[in-house]
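Given next are the chains, with one letter for each unit.
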Amino acid sequence: TLHGQKSISGTPKMSRHQNGEEYRNPTEVKKSQIVMPCHANHRQELSVGELLKWMDSTACLSAERHAGCPCVTVSVDDIHFEHTIGVGQVVNIKAKVNRAFNTSMEVGIVVSCEDLFSDTHWSVCRAVATFVSQRTTGGKVQLRPLVPCTQAEQVEHSLAAERRRMRLVHADIMKDLLANRAFQQVEVQEAEKAVPAERTRVESVELVLPTHANHQVNTFGGQIMAWMENVATIAASRLCNAHPTLQSIDMFHFRGPSHVGDRLVLKAIVNNAFKNSMEAGVCAEAYQGEEPLRHINSAFMTFEIRDQEGKPCTLPRIRPEPLEGMRRYQEAIARNKIRLDRKYIISCKQTEVPLSVPWDLSNQVYLSYNNVSALKMLAARNNWLLNSEKNKVSLYTLEQKQVLSFKVETEIDIPAERAFMLLSDLSKRVEWDPNYERCELILRVNDDDFLYRVVTPSIANQGGKVQDFILLASRRPPCDSGDPYVIALRSVTLPTHPPTEGYNRGEVLCAGFSILEVSKDISKISYFNQASPEVLPYISTDIAGLSSSFYGIFCTCNTFLQENRVDHASTPQSSCHWI
């Protein structure tokens, strides 16, 4: 099933201890399994339900290794399946804890496929799951912090806080999008061969046996996901009388536990069909005896039908049921937009993200995540080269994949929180940065995200035109002690602010500040910029060693911070309104 696909080149390099031994994360758990016919579907490919069980059990063991006590699955973020796995091939699953919060922890899962005969490897999927630890006597366990040791661990540790933030607002995004009139007024396009949605309805009951449960007598989360995947696949098959391929599973949460002896009722239906994909919704409820149904989980899965060449087929339209069916039809359209935004902005590699993504409220959370995560990943690089230094103000450069980045860093006598409050207000940057001629606030999105238009001086190679930038500014206070304050900047496009005559519209790939508290009154301030062609002329002479304007700018920044070190105008209500 994997012939003709590009092989992963090389094996990740492992860090080493000082004694020369290979470093291995203490929470890391690995599982390798040959795919047997009993694990496969009619196409001799590994059943996704079986894979989900293996992923969940491996991640749970990793979580328990850190917690030192039993753990249960709380949620799983979006999963995108890149490739299928054939019978006789080997599935390699690796899980490790990315970050431990108070009572929950984020576990990263990487799945790859290995062909034993050709010695090639392929990436199958990545997933992020959240687990909570529980005492055998009941109640949650206070987790000890996880200390990252390698650059990769530091990046994941830092991004886990941002992913958690995005997880918490996921439901609100859906509500806001559905409140949009464009989705409320969606009409069903009539088609002669539209398939009635009720034809795809599936209901199945499973009895939870001891073999389906973990050591706490709770039903394995992975087992529940496997049963849900089974009924969703049947529903998708009924739409077009063909065998579907599961492409992705949306982020979902377990609402409550299931136990041995439960009757698990699984219901699925196709909510909507798009050109080449369809969304199946599936719900899991449990009961024992005559007790009412308990909602365990709901999930939304995206399927495709592929032809013999592996290309997606055009799907028939669906005719939704009245009332509830129409609601599900509209919600599927909203989820499809969210799905595309998340895949377009978050799932692709940083180098593949377009420079200026169109901004709107529905994709704001994902753009903000991308903005902050890009800066954190840039800051975490450990191969910065010292270019020049003057009076303890250092200029570093980093060249990677034909992209030049620079970092200016120094320590300043000011509390980190105060420096964060001052530097996060871009409208004040004109007071100390000569490269900011004008800065206007376009929109205050929320307390942490803002849209600005920045005007910069003209430079020779732009024909004397001044430049302007439309920037999304995202600021984040530390999640834990030891974390820096972050102010991230990136370009976006706004239909209300198109490029105008007389201005050269510039792009900012990734820029911003990282402010680390060294002591109560001293902060290490680092400014980063992934230099785009529009930004590079402002710093090129410094990098070439022909000037030290970076030092002068940081000196004026220091003066600005010192003059505003004390907030004389602060009031109890003004702490959340810095602009």
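Residues numbered from 1 in each chain as written. Predicted model: local features only at pLDDT ≥ 70, side-chain atom pairs only at ≥ 80, totals over all residues. Heavy atoms only, no water.

**Description of helix α1 (residues 48-67)**
Next, step 1: For α1, built from 20 residues, the straight-helix expectation of 28 Å at 1.5 Å per residue is met to within 8% by its first-to-last C-alpha distance of 28 Å.
Next, step 2: In terms of residue burial, α1 counts as a mostly covered element, since 16 of its 20 residues are buried.
Next, step 3: One side-chain oxygen of the residue at the start of α1 lies 3.2 Å from the amide nitrogen of Gly-49, identifying that residue as Ser-47.
Next, step 4: The first or second residue beyond α1 is Gly-68, which carries a positive phi of 75°. (Helix = DSSP H or I, 4+ residues; strand = E, 2+ residues; numbered from the N terminus. Expected span 1.5 Å × (residues − 1). Buried < 20%, exposed > 50% of the residue type's maximum accessible area, 1.4 Å probe, protein only. Polar contact = N/O pair within 3.5 Å; in protein donor to acceptor, adjacent residues only side chain to side chain.)

**Concerning empty space enclosed by the protein**
Next, step 1: Using the criterion set out here, one finds three cavities of 30 Å³ or more in the structure.
Next, step 2: Roughly 70 Å³ of internal volume is contained in the second largest cavity.
Next, step 3: As for the second largest cavity, its lining consists of Leu-52, Met-55, Asp-56, Ala-59, Thr-73, Val-76, Ile-79, Ile-109, Ala-127, Ala-129, Phe-131 and Met-225.
Next, step 4: At the level of secondary structure, the elements contributing two or more residues to the lining of the second largest cavity comprise α1, β2 (71-76) and β6 (120-133).
Next, step 5: At four residues, α1 tops the list of elements feeding residues into the lining of the second largest cavity.
Next, step 6: In terms of residue class, the lining of the second largest cavity is built from ten nonpolar, one polar and one charged. (1 Å grid on protein atoms, 1.4 Å probe; cavity = no way out; pocket = protein on both sides within 12 Å on 5 of 7 lines; lining within 4 Å. Points joined across faces, edges and corners; volume = space filled by probe spheres on them. Nonpolar A, V, L, I, M, F, W, Y, C, P; charged D, E, K, R; others polar.)

**Focus on the nonpolar core**
Next, step 1: Residues Met-55, Met-105 and Ile-109 are the most contacted members of the largest nonpolar core, which totals 72 residues.
Next, step 2: Beyond its immediate chain neighbours, meaning those up to four positions away, Met-55 contacts Ile-79, Ile-93, Ile-109, Val-111, Cys-125 and Ala-127.
Next, step 3: Counting residues in each nonpolar core, the second largest holds 38 residues, with Cys-439, Ile-525, Phe-550 and Cys-557 among its members. (Core = buried A, V, L, I, M, F, W, Y, C linked by side-chain atoms within 4.5 Å. Contact = heavy atoms within 4.5 Å.)

**Quick notes on the sheet that holds strand β10 (residues 252-253)**
Next, step 1: Read across the open sheet, the six strands follow the order β1-β4-β5-β6-β2-β10; overall the sheet is antiparallel. Among the strands making up the open sheet, the edge pair consists of β1 (29-34) and β10.
Next, step 2: Relative to β10, β2 is paired through two bridges, and the arrangement is antiparallel. Its bridge partner lying in β10, Ser-75 is registered against His-253.
Next, step 3: Across the sheet, α1 is in contact with β1, β2, β4 (90-100), β5 (104-115) and β6; its angle to β4 comes to roughly 40°. (Pairing = 2+ DSSP bridges. Axes fitted to C-alpha atoms, helices over the stretch in contact; angles between N-to-C directions.)

**Let's talk about helix α5 (residues 221-240)**
Next, step 1: For α5, spanning 20 residues, the distance from its first C-alpha to its last is 30 Å, which sits close to the expected 28 Å at 1.5 Å a residue.
Next, step 2: Backbone geometry just downstream of α5 places Asn-241 in the positive-phi region, at approximately 55°.

**Quick notes on the pairing of strand β24 (residues 510-517)**
Next, step 1: Here β24 lies mainly inside the structure; six of its eight residues are buried.
Next, step 2: Pairing between strand β22 (residues 485-493) and β24: five bridges, direction antiparallel. Looking across to β24, one finds that Leu-489 is bridged to Ala-511.
Next, step 3: Of the strand pairs in this sheet, β24 and strand β25 (residues 523-530) are connected by eight bridges, and their pairing is antiparallel. Within the sheet, the bridge partner assigned to Ser-514 lies in β25 and is Ser-526.
Next, step 4: Counting the residues that bridge the hairpin from β24 to β25 gives five residues.

**Some points on a nonpolar patch on the surface**
Next, step 1: A contiguous nonpolar patch, built from Ile-34, Met-36, Leu-116 and Phe-117 and spanning about 450 Å² of accessible area, is present on the exposed surface.
Next, step 2: The exposed category is assigned to Phe-117, whose relative accessible area is 80%. (Patch = residues over 30% accessible without salt bridge, like charges linked within 9 Å, V, L, I, M, F, W, Y side chains within 5 Å. Areas by Shrake-Rupley, 256 points an atom, 1.4 Å probe, with all protein chains shown as cover. Salt bridge = Lys/Arg side-chain N within 4 Å of Asp/Glu carboxyl O.)

**With respect to the packing of α1 against α5**
Next, step 1: Between α1 and α5, the shortest axis-to-axis distance is 8 Å and the interhelical angle comes to 165°. It follows from the interaxial angle that α1 and α5 lie roughly antiparallel. Where α1 crosses over α5, the two elements pack in a sense that is right-handed. Seen from α1, the contacting residues are Val-48, Gly-49, Leu-52, Lys-53 and Asp-56; seen from α5, they are Gly-221, Gly-222, Gln-223, Met-225, Ala-226 and Glu-229. (Parallel < 35°, antiparallel > 145°, perpendicular 65-115°, else oblique. Left-handed = near helix turned anticlockwise from the far one by under 90°.)

**Remarks on the packing of helix α8 (residues 416-423) against helix α10 (residues 549-563)**
Next, step 1: Across the interface, α8 lies against α10 with an axial gap of 10 Å and an inter-helix angle of 110°. By the angle between their axes, α8 is roughly perpendicular relative to α10. When α8 is examined against α10, the residues Ala-419, Leu-422 and Leu-423 are found in contact with a partner set consisting of Cys-557, Phe-560 and Leu-561.
Next, step 2: For the contact of α8 with α10, the per-class residue count stands at six nonpolar, no polar and no charged.

**Let's talk about the pattern of salt bridges**
Next, step 1: Scanning the model with the defined rule gives 35 salt bridges in all.
Next, step 2: For the salt bridge of Asp-447 with Arg-444, the shortest nitrogen-to-oxygen distance reads 3.0 Å.
Next, step 3: You can call Asp-447 partly exposed: its relative accessible area is 39%.
Next, step 4: Several salt bridges converge on common partners, so that one network encompasses Asp-250, Glu-279, Glu-324, Arg-327, Glu-331, Arg-335 and Arg-339.

By themselves, these figures tell us nothing about what the structure is for.
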